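Each chain, letter by letter, is given below.
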Amino acid sequence: MKAVNIGVIGLGTVGAGTVDLLHRNQEEITRRAGREIKVTCAAVRDLSRGRHCDTAGITLTTDPNEIVSDPSIDVVVELIGGCEVAFDLVTAALAQGKHVVTANKALIATRGNEIFEQASTAGLVVAFEAAVAGGIPVIKILREGLSGNRVEKLIGILNGTCNFILSEMQEKDADYAEVLTQAQQAGYAEADPYFDVEGVDAAHKLTILASIAYGVHLNFQSVYVEGISALTRDDIIFAQEMGYRIKHLGMARRSTTGLDLRVHPCLIAEDHLLANVTGVMNAVVVEGDAVGETLYYGAGAGAQPTASAVVADLIDVVRTLTADPGNRVPHLAFQASALAKPGIIPLAEVYCAHYLRLTVQDQPGVLADITKILGGHGVSIKAIHQHGTGDEDGKVPVVIVTHVAQEAAVAAAVSGIEALPASAHPVVRIRLETLEGH
Ligand code: NDP
Ligand code: HSE
């Protein structure tokens, strides 16, 4: 049977990994797909750059539109990242009747509704397994393997760069900026690492997972987002002393009042499975009403793990080339006409325990003022630790762990504490999750 011709836009970390993997495992991939998958052309910005893959037999161009409009190309693989140019290229490829594979979570989370509508109307596939959790096939699991379940909750370490930074800071006393540079050098970080460390990338991924898990339209704006850039090694050490690890988590939970969608750092018990997911690894816990809790673990970023997901999508696309479009697996797992509008629970109404790190003057009455403010807002204290006896200015870190309280009450108490004359810095506030079940 005739080979399926692929045009790859972007030959960076993921693009080169994809071409390399297709080349290395060509024979087995052909046996699985039923047809040879052949990369015939690729687009890059700079033709003079060396590539981490063999480009023999691949026509290179700096104009991705040549690929999109090339009638000999059956499937376009978008691996440049970003939203604007990528959106134009993906929609142009669909307009030309080409299937698309992408690893671009920012694009799917923010423009996916439009893209899937166009693709469905044209009877085309847009596959995006690599967009979430790198090499872990979690989209396929949610969309197909668990499709008989009502998903109750989904909790994951979704950003490899954040997890790598937190792990290195904990295990090696490494400096935040230094570890971020290492993550960039290893190809884990986004082109703009702000997306990683401020939680945006994990929020893109949570948006996609929540949509597939709950059958709702993609709605990135409804995710509460916090990153790790405000955390210090002190927080990691203080948490460790109390039996916790700090992890950057994405969480989606269903309740009777709506969906709770959040991405932020969390204290979790040190013996929880997620606490022991280190380095660039990702892990996702999914609880279904029938299956109970399930856990998926694997590399969340990097050339080969991500290529693994891109190539799996390519094989799926090739297998479905002859299938009736109306009977394919829907893009967001639920039939497009059956997607619902999610009711989102406002953050202020969410209940959570908290770790609060205060920097205060070490003087009589300060702790009493702080506990009075917390008590006044109905926030109950579980543990309180003062670390040391003060620096040269008499300031000392005090860590408070609260019982579960409503976000709005904690926020009001934190404002009250920050307004105390003895309070020296903004309070560092990290939510504490029990992640019941493990
Ligand atoms: P890179 O920055 O390593 O590679 C981007 C590639 O796109 C480069 O080859 C670049 O060319 C090319 N490119 C950029 N703009 C254009 C353009 N306008 N025309 C032609 N070529 C262009 O990115 P990654 O490979 O890391 O990421 C690609 C996508 O995969 C992103 O959406 C990212 O979020 C996603 N992803 C990345 C993962 C990772 O571990 N890195 C994991 C999962 C998903 P040149 O090389 O000449 O500059
Ligand atoms: N920058 C992303 C991460 C790449 O670190 O997880 C994988 O999506």
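Residues numbered from 1 in each chain as written. Chains lettered and ligands numbered in written order. Predicted model: local features only at pLDDT ≥ 70, side-chain atom pairs only at ≥ 80, totals over all residues. Heavy atoms only, no water.

Can you explain the domain arrangement of the protein chain? Please cite residues and give values.
Per the domain assignment, the segments making up the protein chain are domain 1 (4-136 + 304-338), domain 2 (138-299) and domain 3 (348-432). Every contact between the two is made by 26 residues of domain 1 and, on the other side, 28 residues of domain 2. The largest share of the area that domain 1 buries against domain 2 comes from Lys105, Val132 and Ile136, three residues that together contribute 28% of it. At the boundary of domain 1 with domain 2, the tally comes to three salt bridges. Note that Lys140 is salt-bridged to Asp316, the shortest N-O span being 2.7 Å. Across the contact surface, domain 1 and domain 2 share 10 residue pairs in polar contact (both at pLDDT 80 or more). For the side of domain 1 that touches domain 2, the elements supplying multiple residues, two or more each, are helix H5 (105-122) and helix H12 (303-320). With eight residues, the single largest contributor to the side of domain 1 that touches domain 2 is H5. A breakdown of the residues in the side of domain 1 that touches domain 2 according to their chemical character gives 16 nonpolar, seven polar and three charged. (Domains from an automatic or database assignment. Contact = heavy atoms within 4.5 Å. Buried area = accessible area lost by both parts, 1.4 Å probe. Salt bridge = Lys/Arg side-chain N within 4 Å of Asp/Glu carboxyl O. Polar contact = N/O pair within 3.5 Å; in protein donor to acceptor, adjacent residues only side chain to side chain. Helix = DSSP H or I, 4+ residues; strand = E, 2+ residues; numbered from the N terminus. Nonpolar A, V, L, I, M, F, W, Y, C, P; charged D, E, K, R; others polar.)

Describe in detail the sheet that holds strand S1 (residues 4-9), supporting the description with residues and values.
Read across the open sheet, the six strands follow the order S3-S2-S1-S4-S5-S6; overall the sheet is parallel. Strands at the two margins of the open sheet, each flanked by one partner only, are strand S3 (59-61) and strand S6 (126-127). Inspection of the sheet shows strand S4 (residues 75-78) paired to strand S5 (residues 99-102) by four bridges, in the parallel sense. Note that in S5 the partner of Val77 across the bridge is Val101. (Pairing = 2+ DSSP bridges.)

Go over the state of the cysteines with me, naming the residues and quoting the values.
Note on terminology: disulfide describes a covalent bond linking the sulfur atoms of two cysteines. With the rule as written, the count across this model stands at zero disulfides. Of all cysteine sulfurs, the one in Cys41 lies closest to Cys53, which takes part in no disulfide; the gap is 13 Å. Taking the relative accessible area as the measure of exposure, Cys53 reaches 12% and is therefore buried. (Disulfide = S-S within 2.5 Å. Buried < 20%, exposed > 50% of the residue type's maximum accessible area, 1.4 Å probe, protein only.)

Break down the site of ligand 2 for me, with residues and values.
Taken together, Lys105, Asn159, Gly160, Thr161, Tyr188, Ala189, Glu190, Asp196, Asp201, Lys205, Gly300 and Ala301 form the complete shell of residues around ligand 2. Side-chain polar atom of Thr161 to an oxygen atom of ligand 2: 2.6 Å apart, as the coordinates give it. Separating an oxygen atom of ligand 2 from a side-chain N or O atom of Lys205 is a distance of 2.7 Å. Summarising the interface, the protein chains cover 93% of the accessible area of ligand 2, which totals 260 Å² for the free molecule. Elements with a contribution of two residues or more to the shell around ligand 2: helix H7 (160-172) and helix H10 (200-214). (Near = heavy atom within 4 Å. Areas by Shrake-Rupley, 256 points an atom, 1.4 Å probe, with all protein chains shown as cover.)

Could you give me a rundown of the site of ligand 1, with the residues and numbers involved?
Surveying the vicinity of ligand 1 reveals 24 residues, the closest of which are Asp46, Arg51, Lys105, Glu190 and Gly302. Between ligand 1 and Leu11 there is a distance of 2.9 Å, counted from an oxygen atom to a backbone nitrogen or oxygen. Backbone polar atom of Gly302 to an oxygen atom of ligand 1: 2.7 Å apart, as the coordinates give it. Within the complex, 87% of the 900 Å² of free accessible area of ligand 1 lies under protein. In terms of residue class, the shell around ligand 1 is built from 10 nonpolar, eight polar and six charged.

Could you give an account of the packing of H7 against helix H8 (residues 176-185), with specific residues and numbers?
Running from amino to carboxyl end, H7 crosses H8 at an angle of 135 degrees, the nearest separation of the two axes being 9 Å. On the basis of the axis angle, H7 is oblique to H8. The chirality of how H7 crosses H8 is right-handed. Contacts from Thr161, Phe164, Ile165, Glu168 and Met169 of H7 reach H8 at Tyr176, Val179, Leu180, Gln182 and Ala183. Partitioning the contact of H7 with H8 into residue classes produces seven nonpolar, two polar and one charged. (Axes fitted to C-alpha atoms, helices over the stretch in contact; angles between N-to-C directions. Parallel < 35°, antiparallel > 145°, perpendicular 65-115°, else oblique. Left-handed = near helix turned anticlockwise from the far one by under 90°.)

Explain the environment of Val379 residue by residue, including any values.
Assignment of secondary structure puts Val379 in the loop between helix H13 (366-376) and strand S14 (381-386). By relative accessible area, Val379 is classed as buried at 3%. Put simply, Val379 and Ala409 are 30 residues apart on the chain and 6.9 Å apart in space, counted from C-alpha to C-alpha. Val379 has contacts with Leu374, Thr402, Ala405, Ala409 and Val410, leaving out every residue within four places of it along the chain.

I'd love a proper account of H7, names of residues and values included.
When the terminal C-alpha atoms of H7 are compared, their 17 Å separation across 13 residues agrees well with the 18 Å that a helix rising 1.5 Å per residue should span. Counting buried residues along H7, 11 of its 13 residues qualify, which places the element largely inside the surrounding structure. Contacts from the buried residues of H7 go to strand S7 (151-157), H8, helix H9 (194-197), helix H11 (233-241), strand S9 (244-255) and strand S11 (281-288). Sitting at the amino-terminal end of H7 is Asn159, which places a side-chain oxygen 3.1 Å from the backbone nitrogen of Thr161. Directly after H7, the chain includes Asp173, whose backbone phi takes a positive value near 55 degrees. (Expected span 1.5 Å × (residues − 1).)

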